[in-house]
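Report on the structure
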Amino acid sequence: MSVTSEYLVSGMHCHHCATSVTEEVSAVRGVTDVKVDLDSGQLIVISDSEIPFESIEAAVDEAGYRVASA
Ligand SMILES: [Cu+2]
C-alpha cells in the first residue's frame, strides 16, 4: 500500500533548499519518494505506511525550514 501526503513548507527559496528538504524527508523511515515544488512550497511524500506528522515536521525542521500546514 502506498500513501501520498501533502504538506506546505515555508522558507524555501532555491533549488538548494528543495534539495535539503528532499534529502531530510527521504531519510524518514517508511518514505519511498519525495517531491518538492519550489514555487508553491508544496511537499509531496509517498510512503509505504502513514507517517506521523511530527516525523515530517522534524525532518523539515532539520533541513532548516518549517511546515506551514498539512
Ligand atoms: Cu535555498
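Our structure's up above, just so we're on the same page.
Each chain has its residues counted from 1, running along the sequence as written. Owing to the predicted nature of the model, reporting of local features is limited to residues with pLDDT of at least 70; listing and counting of side-chain atom pairs is limited to 80 or more, with chain, interface and lining totals taken over all residues. Processing note: side-chain calculations cover all non-hydrogen atoms of the structure and skip hydrogens and water entirely.

To continue, consider the sheet that holds strand S1 (residues 3-10). Strands in a sheet are paired, the pairing made by backbone hydrogen bonds, and the direction either parallel or antiparallel. Paired strands, as defined in this entry, are two strands with at least two bridges between them according to DSSP. Secondary structure is summarised from DSSP: a helix means a run of H or I of at least four residues, a strand means a run of E of at least two, and numbering begins at the N terminus for each. Strand order in the open sheet made by the four strands is S2-S3-S1-S4, with antiparallel pairing throughout. Lying at the two open borders of the sheet, with one neighbouring strand each, are strand S2 (31-37) and strand S4 (66-69). Taking the axes of each pair of neighbouring strands and ignoring which way they run, one obtains an average angle of 40° across the sheet. By the bridge criterion, six bridges tie S2 to strand S3 (residues 42-47) in an arrangement that is antiparallel. Considered in S3, the bridge of Asp 37 is made with Gln 42. Axis lines are fitted through C-alpha atoms, for helices just across the contact stretch, and the angle between N-to-C directions can take any value from 0 to 180 degrees.

Treat this as a map of the structure, not an account of what it does.
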